Amino acid sequence: MNRLFNQNINSEKIIMLLMCAIFLAFPLIGSDYDILNMSYFISMAILSISLWLIWGLTGIFSFGQTALFGLGGYTYALISLNFDNPNLTFLALLLALIVTWAFSFLLGYFMFYGGVNDVFVGLITLCVTLVMATFLAQSAGSEWKIGDVLLGGDNGINNIPPLALSFGDFELLFTGNVLYYFIIISIITVYLILKKMQRTKLGYSFIAIRENRERSKLLGYNTALLQTFAFSLGGVLAAFSGVLYVTWGGYIAPSVMAISAASLPVVLVAAAGRRNLSGVIIFTILYYYLSQKLSVSGSEYALIILGFILITVILVVPQGIVVWLFNIIDRSLLKKRGNKLSESTGNPKKASSV
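Residues numbered from 1 in each chain as written. Predicted model: local features only at pLDDT ≥ 70, side-chain atom pairs only at ≥ 80, totals over all residues. Heavy atoms only, no water.

Visitor: Could you give an account of the overall build of the protein chain, with specific residues and numbers?
Guide: What the protein chain contains, in helices and strands, is 15 helices and 6 strands. By the compact-globule yardstick of 20 Å for 354 residues, the protein chain fits well, its C-alpha radius of gyration being 22 Å. Judged by the C-alpha coordinates and their principal axes, the protein chain covers about 80 × 55 × 45 Å. Burial statistics for the protein chain: of 354 residues in total, 48% are counted as buried. For the protein chain, long-range pairs separated by at least 24 residues make up 76% of all intrachain contacts whose partners lie at least 6 apart in sequence. Of the accessible surface of the protein chain, which amounts to about 18,100 Å², a share of 66% is contributed by carbon and sulfur atoms. The averaged location of the 15 negative side-chain charges in the protein chain is 24 Å from the averaged location of its 21 positive side-chain charges. (Helix = DSSP H or I, 4+ residues; strand = E, 2+ residues; numbered from the N terminus. Rg over C-alpha atoms; globule rule 2.2 N^0.38 Å. Buried < 20%, exposed > 50% of the residue type's maximum accessible area, 1.4 Å probe, protein only. Contact = heavy atoms within 4.5 Å. Areas by Shrake-Rupley, 256 points an atom, 1.4 Å probe, with all protein chains shown as cover. Lys, Arg positive; Asp, Glu negative; His and termini not counted. Charge placed at Lys NZ, Arg CZ, Asp CG, Glu CD.)

As structure tokens, this is what we get:
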């Protein structure tokens with residue numbers, strides 16, 4: 001019985017398993033409209049995951065995730081529209097990830113090998129985001145095009161094709177339930193890989209850099225290389241989220257890289273608990289769900305209400321609201337297990353002291 005009492009209680013694992021089961025069964029109970037919206041919410045959670053990897057795990061504060069998100073989305077749009085072949089959409093996805101990885105790797109290389117760290121990384125990534133958004137917003141003329149595709153300025157690019165697979169006369173479009181399950185499988189795969197990575201030497205290296213970069217360097221870690229790798233890997237995840245977004249809506253515009261969009265992932269990750277991957281996913285999905293409900297209700301104070309909630313959470317629960325809730329549930333389960341142990345042993349005083 002003591003062995004049972006001493007087992008680790010982890011509400012996080014239980015909640016994540018329940019969420020997976022609910023999301024996998026969601027198309028059976030949700031309408032087409034609900035499935036469409038949930039696909040969007042979960043794809044944006046992958047954007048938050050990309051920042052968690054950079055900031056929460058490795059300690060690199062960045063405002064550049066939406067720039068990489070937009071770069072991935074624009075790259076997919078330009079390639080898929082220029083080739084206009086359903087069989088090449090997954091190739092366009094792969095090329096979008098490669099282009100964004102190369103860009104983020106070069107940016108990270110010049111920053112981290114150049115000795116740029118801490119708040120200055122945030123400033124540089126914010127400048128990169130604003131430069132990209134400003135440039136794309138001013139590309140409305142007919143001379144601004146790549147191949148046969150106009151960049152469109154503030155209007156962006158429309159009629160972006162979805163992901164598709166074609167075999168002879170058979171064509172599978174990744175829309176509706178197919179896109180939903182593709183996104184679900186993708187985020188579960190990413191989650192499991194990152195959770196596994198946290199327990200590897202690479203994951204411990206990232207954590208060491210987050211906790212004390214200078215000491216890690218003295219212990220022999222190539223901190224610049226590890227930071228560059230983490231930054232570029234986060235860029236790939238942000239680009240993947242961007243591709244999912246454009247295939248979901250068939251549209252992308254420079255507004256996805258605006259200052260408000262760039263700051264939102266930072267706030268969401270901070271409010272959820274930036275060191276907890278599960279919390280980041282849960283809070284991001286809840287935020288977008290609540291944001292949509294307030295918008296649909298027509299409330300003119302929707303953004304004010306959301307902003308007030310986020311600020312309150314960050315000030316009152318600095319470790320993250322989801323992490324705080326996990327701790328409360330764990331303590332509650334531990335207390336119940338202690339009560340059961342005391343009843344079975346007949347010594348409540350001893351059990352309570354344990």
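Visitor: Let's hear about the nonpolar core: which residues, and what values?
Guide: One finds Ile42, Tyr76, Leu194, Ile281 and Ile285 to be the most contacted residues of the largest nonpolar core, which totals 98 residues. With 16 residues, the single largest contributor to this core is helix 3 (residues 32-57). Setting aside anything within four residues of it in sequence, one finds Leu194 in contact with Ile49, Trp52, Leu53, Leu237 and Leu277. (Core = buried A, V, L, I, M, F, W, Y, C linked by side-chain atoms within 4.5 Å.)

Visitor: I'd like a description of the side chain of Gln65, backed by residues and values.
Guide: As for its placement among the helices and strands, Gln65 is situated in helix 4 (residues 65-83). By relative accessible area, which is 2% here, Gln65 ends up buried. Ignoring sequence-local partners within four residues, the contact set of Gln65 consists of Leu47, Ser50, Leu51, Ile54, Gly234 and Ala238.

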